[in-house]
Amino acid sequence: MNWISNYVRPKINSLFSRREVPENLWTKCDACGTMLFHRDLSENLNVCSKCGHHMPITPRARFTALFDGGGFVEVAIPAPVADPLHFRDQKKYPDRLRSAQKQTGEREAMLVAEGEIGRTPIIAAAQDFGFMAGSMGMHVGNAILAAAERAVELKRPLVLFAAAGGARMQEGILSLMQMPRTTVAVEMLKEAGLPYVVVLTHPTTGGVTASYAMLGDVHIAEPNALICFAGPRVIEQTIREKLPEGFQRAEYLLDHGMLDRVTDRREMRSELITILRMLCNMPPAIHGELPPPGEGPQVETTPATRDPEPARAD
Ligand SMILES: [Zn+2]
């Protein structure tokens, strides 16, 4: 045995490690271990082509894939007061913010944009789990308010992609105040009769689940996303019982009536187009590749390019 572990194994290991490729070109799937080439992976919207595992995706990459021709305009979000509590744990809060900004290249944990999907004008907001776990602070509150105000102003539906570890503890009570604040923002949409569709991505937890992420007209989740208020570990420790398989995952919540649909990220765009056009009382969308708005011929009503389904009478 000694000879195997001391001589053969290191020899084999060194043979393999020598052939290792630069790490940034390949990503290992967390679920099945397949090595995925970075370009294939980003073309596949960060979904494993082997097992369908959904990896995190940045709001910017999501919007580029979502909007027609990858074109969208960012909605301005008013900057909140910086570090009102002068919070400090192992690091100062402003230092944490700066390092998250450097890491992600984004200013904060939520991006809001306006544009068209399948020629359907919408406002979209997406939370960035890579930015301090997508935590809901004053900026996220401001972002949702800005998104709702813009949606009301332009009379467009709002699509929100939620992903969060909960409220931002560095902002204390001010982060918790974003729960009623964002609820009011959602209420503005309802009063204006505008659809509000929530896409829940892995993971959506804490105060976010307890406010704007669960107030949509339609709730769609990505496969196997963890969606909860308190996480399974906390519940297990509290009730001292083993939780059932798949508890608080998207499919489980769908079975128990908490969600309307579970949709693969690669199908999400067309699903959103269908749902939004239905809710907005618009004719079914044209299928196929579309040039960005304002470019190319207007293909709107030529019978050959119409959806095979009959248009609804409205
Ligand atoms: Zn996989």
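Residues numbered from 1 in each chain as written. Predicted model: local features only at pLDDT ≥ 70, side-chain atom pairs only at ≥ 80, totals over all residues.

- An unreviewed UniProt entry annotates the chain as Acetyl-coenzyme A carboxylase carboxyl transferase subunit beta of Palleronia aestuarii.
- The heading Sequence similarities (unreviewed entry) in the UniProt record of the chain holds the text "Belongs to the AccD/PCCB family."
- Within the UniProt record for the chain, the comment given under Pathway (unreviewed entry) is "Lipid metabolism; malonyl-CoA biosynthesis; malonyl-CoA from acetyl-CoA: step 1/1." (UniProt positions renumbered as here; feature names shortened; annotations may be inferred.)

**Describing the overall build of the chain**
- Of regular secondary structure, the chain possesses ten helices and nine strands.
- Expressed as a percentage of the 314 residues in the chain, the buried residues total 34%.
- When contacts within the chain are restricted to residue pairs at least 6 apart in sequence, long-range pairs at least 24 apart make up 67% of them. (Helix = DSSP H or I, 4+ residues; strand = E, 2+ residues; numbered from the N terminus. Buried ≥ 20, exposed ≤ 12 C-beta atoms within 10 Å, placed from the backbone. Contact = placed C-beta atoms within 7 Å.)

**A few points about the confidence of the model for the chain**
- Looking at the chain as a whole, its pLDDT mean stands at 89, while 87% of the residues score no less than 70.
- Counted against residues more than four places away or in other chains, residues 301-306, with its pLDDT under 50, gives three contacts. (pLDDT = per-residue confidence, 0-100.)

**Some words on the sheet that holds strand β9 (residues 261-262)**
- With respect to topology, seven strands assemble into an open sheet ordered β3-β4-β5-β6-β7-β8-β9, the strand pairing being mixed. Each end of this open sheet is capped by a strand with a single partner; those strands are β3 (73-74) and β9.
- Where strand β5 (residues 120-127) lies against strand β6 (residues 158-164), four bridges are found, and the strand directions are parallel. Residue pairing in the sheet places A125 in a bridge with L160 of β6. (Pairing = 2+ DSSP bridges.)

**Side note on the pairing of β6**
- Most of β6 sits out of view: seven of its seven residues are buried.
- The alternating pattern of β6 places L158, L160, A162 and A164 on one face and V159, F161 and A163 on the opposite face, and all of these are buried.
- Tracing the backbone out of β5, into helix α5 (residues 138-154) and back to the parallel element β6 gives a crossover that is right-handed.
- Taken together, the six bridges between β6 and strand β7 (residues 196-204) define a ladder with parallel strand orientation. (Right-handed = clockwise from strand over helix to strand, strands pointing away.)

**Some remarks on the UniProt feature "binding site: Zn(2+)" (unreviewed entry) in the chain**
- Taking the UniProt record as the reference, the feature "binding site: Zn(2+)" (unreviewed entry) is found at C29, C32, C48 and C51. Their sequence span is 23 residues, while the largest C-alpha to C-alpha distance among them is just 8.7 Å; these annotated residues converge on one region.
- Of note, C29 is situated in the loop between β1 (26-28) and β2 (35-37).
- Residue contacts for C29: discarding those within four places in its chain leaves T34, L36, C48, K50, C51 and H53.
- Here C32 lies in the loop between β1 and β2.
- Residue classification places C32 among the exposed residues on the basis of 12 C-beta atoms within 10 Å.

**Focus on the pairing of strand β8 (residues 218-221)**
- Two strands pair when backbone bridges link them, and β7 and β8 are joined in this way by four bridges, in the parallel orientation. Looking at the pairing, V199 lines up with I220 of β8.
- Pairing of β8 with β9 involves two bridges; the strand directions are parallel. Paired with A221 across the strands is V262, a residue of β9.

**Some remarks on helix α3 (residues 59-66)**
- By the burial criterion, the buried members of α3 are P59, R62, F63 and L66. Seen end-on, α3 carries its buried residues on one side only, within an arc spanning 95°.
- On its buried face, α3 sits against β4 (110-117), β5, β6 and α10 (265-279). (Arc of directions from axis to C-beta.)

**Topic: the environment of A147**
- Among the secondary structure elements, A147 is positioned in helix α5.
- Using a count of 28 C-beta atoms within 10 Å as the deciding quantity, one classes A147 as buried.
- In sequence terms A147 and I77 are 70 residues apart; their C-alpha atoms lie 8.5 Å from each other.
- Not counting residues within four places of it along the chain, the set of residues in contact with A147 comprises V75, V112, I123, A125 and L158.

**Points about unusual backbone geometry**
- In this structure, the amide linkage connecting H202 to the following residue, P203, adopts the cis form with an omega of -20°.
- The residue P203 is located in strand β7 in this model.
- One non-glycine residue, L45, lies in positive phi territory at about 55°.
- Relative to the elements of secondary structure, L45 occurs in the loop between α2 (38-43) and α3.
- With a phi angle near 60°, N46 is a residue other than glycine that sits in the positive phi range.

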